[in-house]
Amino acid sequence: MKKHRAFLKWAGGKYSLIDPIRRLLPEGRKLIEPFVGAGSVFLNTDYERYVLNDINPDLITLYQYVKRRPKTFIKDARSFFCGRTNQADAYYAMRQRFNLSRDPYERSLLFLYLNRHGYNGLCRYNSKGGFNVPFGEYKKPYFPEAELEVFAEKAKRAQFVCASFEHIFRRARQGDVIYCDPPYAPLTPTANFTSYATGGFGLTDQNELARRAKMAAEKRHIPVLISNHDTKLTRALYDTAEITSLSVARNISQNGKTRKPVAELLALYDYRQAEGYDNVVTLTPKLAKAQ
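Residues numbered from 1 in each chain as written. Predicted model: local features only at pLDDT ≥ 70, side-chain atom pairs only at ≥ 80, totals over all residues. Heavy atoms only, no water.

*Asks:* Tell me about the UniProt feature "binding site: S-adenosyl-L-methionine" (unreviewed entry) in the chain, residues and numbers included.
*Replies:* Those places that UniProt annotates as "binding site: S-adenosyl-L-methionine" (unreviewed entry) correspond, in this numbering, to Trp-10, Lys-14, Asp-54 and Asp-181. Lining the largest cavity, from this annotated set, are Trp-10, Lys-14 and Asp-181. Structurally, Lys-14 is set in the segment before helix H1 (18-24). Here the side chain of Lys-14 touches Gly-12 through a polar contact of 2.8 Å, landing on its backbone oxygen. Here Asp-54 shows up in the loop between strand S2 (49-53) and helix H3 (57-68). At 3.3 Å, the side chain of Asp-54 forms a polar contact with the backbone nitrogen of Gly-37. (UniProt positions renumbered as here; feature names shortened; annotations may be inferred. 1 Å grid on protein atoms, 1.4 Å probe; cavity = no way out; pocket = protein on both sides within 12 Å on 5 of 7 lines; lining within 4 Å. Helix = DSSP H or I, 4+ residues; strand = E, 2+ residues; numbered from the N terminus. Polar contact = N/O pair within 3.5 Å; in protein donor to acceptor, adjacent residues only side chain to side chain.)

*Asks:* Help me get a handle on the pattern of salt bridges, residues and values and all.
*Replies:* When charged atoms on two side chains of opposite charge get close, those side chains can pair. Taken as a whole and assessed by the stated rule, the structure comprises eleven salt bridges. As a salt-bridge pair, Arg-22 and Asp-19 come within 3.2 Å of each other at their nearest N and O atoms. One end of the pair is Arg-22 and the other is Asp-19, both in helix H1 and three residues apart, which spans about a single turn. For Arg-22, a relative accessible area of 26% gives the class partly exposed. Residue Asp-19 is classed as partly exposed on the basis of its relative accessible area of 35%. Bridged by salt links that share partners, the residues Glu-208, Arg-211 and Arg-212 form one connected network. (Salt bridge = Lys/Arg side-chain N within 4 Å of Asp/Glu carboxyl O. Buried < 20%, exposed > 50% of the residue type's maximum accessible area, 1.4 Å probe, protein only.)

*Asks:* I'd like to hear about empty space enclosed by the protein, residue by residue, with values.
*Replies:* On inspection of all chains with the given rule, the structure shows one cavity of 30 Å³ or more. Looking at the largest cavity, its volume works out to about 90 Å³. Taken together, 14 residues make up the lining of the largest cavity; nearest its centre are Lys-14, Val-36, Ala-38, Gly-39 and Asp-181. (Points joined across faces, edges and corners; volume = space filled by probe spheres on them.)

*Asks:* Go over the nonpolar core with me, naming the residues and quoting the values.
*Replies:* Residues Leu-8, Tyr-63 and Phe-73 are the most contacted members of the largest nonpolar core, which totals 58 residues. At seven residues, the largest contribution of residues to this core is made by helix H6 (residues 104-117). Formed jointly, this core draws a minimum of three residues from each of two domains, domain 1 (17-55 + 163-272) and domain 2 (57-144). Excluding its chain neighbours within four sequence positions, the residues that come into contact with Phe-73 are Leu-62, Tyr-65, Val-66, Tyr-105, Ser-108, Leu-109, Leu-112 and Leu-148. Ranked by size, the runner-up nonpolar core spans 27 residues in total, among them Ala-210, Ile-222, Ile-226 and Leu-237. (Core = buried A, V, L, I, M, F, W, Y, C linked by side-chain atoms within 4.5 Å. Domains from an automatic or database assignment. Contact = heavy atoms within 4.5 Å.)

*Asks:* Could you give an account of the confidence of the model for the chain, naming the residues involved and the relevant values?
*Replies:* Mean pLDDT for the chain: 89, with 86% of residues reaching 70 or above. A low-confidence stretch, residues 193-198 (pLDDT under 50), is modelled with 23 contacts involving residues beyond four sequence positions or located in other chains. Predicted confidence for residues 274-291 stays below pLDDT 50, and this span has 51 contacts to residues more than four positions away or in other chains. (pLDDT = per-residue confidence, 0-100.)

*Asks:* Please set out the side chain of Thr-231 residue by residue, giving values where relevant.
*Replies:* For Thr-231, the location among the structural elements is in the loop between strand S5 (224-229) and helix H10 (232-237). Once residues within four sequence positions are removed from consideration, Thr-231 is found in contact with Pro-186 and Leu-187.

*Asks:* Explain the environment of Leu-114 to me, and be specific about the residues and the numbers.
*Replies:* One can find Leu-114 in helix H6. Along the primary structure Leu-114 and Tyr-91 are separated by 23 residues, whereas in three dimensions their C-alpha atoms are 7.6 Å apart. Setting aside anything within four residues of it in sequence, one finds Leu-114 in contact with Tyr-91, Met-94, Arg-95, Phe-98 and Phe-131.

*Asks:* Residues and numbers for the environment of Leu-268, please.
*Replies:* Relative to the elements of secondary structure, Leu-268 occurs in strand S7 (residues 261-269). Distance in space between the C-alpha atoms of Leu-268 and Ala-213 is 9.0 Å, their sequence separation being 55 residues.

*Asks:* Kindly report on helix H7 (residues 145-154), identifying the contributing residues and their values.
*Replies:* Glu-147, Leu-148, Phe-151, Ala-152 and Lys-154 are the residues of H7 that are buried. All buried residues of H7 lie within an arc of 165 degrees about the axis, which places them on one face of the element. (Arc of directions from axis to C-beta.)

*Asks:* Can you explain helix H5 (residues 88-100)? Please cite residues and give values.
*Replies:* Every α-helix carries 3.6 residues per turn, so stepping three or four residues along brings you back to the same face. In this model H5 runs 18 Å from its N-terminal to its C-terminal C-alpha over 13 residues, within 8% of the 18 Å that 1.5 Å per residue would give. Every buried residue of H5 is accounted for by Ala-90, Tyr-91, Met-94, Arg-95 and Phe-98. Axial view of H5: buried residues confined to an arc of 135 degrees, hence all on one face. Exposed and oriented more than 90 degrees from the buried face of H5 are Asp-89, Gln-96 and Leu-100. (Expected span 1.5 Å × (residues − 1).)

Here it is as structure tokens:
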């Protein structure tokens, strides 16, 4: 199966981990993603249907427009990618326009612009809900026309939802498969990066996600696969899951020379497996920069 890149740049994107994720995802009629992000897993799997959720309304509204009006959206978005818009003063004016706008279509166009022109593909809001990622200073930001077209075609099989992950878990039924890529647990107590959408994702949320994954598999016979950092905390949270250990490069660090591989894991809860997992599989895929 040909690999497809997402049209958004995304911190923690799963393009470089598609192969191990695909190997572990069980078969099913429908894939449910409570934390869809840039959609790399959606784009690189082949389920009949998809339910793609994210707590970020700007992201989901963008996806809905790309699905419904791809040609119009691509035509309108292209005008934001030119030399005059790739300057700091233009970027900050566009960012202010986005933060003041209440028009969902305008916000979707600007969201794509900010994603491709802002620093490192970050999606970050302040406590008041204002997008606050700085200018990226790229020589020539890429306009992802081909990627938008692929996404729009695949989106014909998808329903886009903006709700809590708890709500999405309740919607799942037997025959479905759930893949979770939540905001990651911190590697250290001072490294908690969860502000991609206002509200954060704390330890209580991490614990609740693990609890619901276990219950979905054991009580409702719905398999769940979760991505996260590989730490003592996550090992404890996913103590009944089958753990696959991974090493992956991330490019969030401002200094490229200090970017090092990070230990991650995939935790599989599957009702068809025996209870009380104690086996750990270790994989070291080819290191690649995050999407």
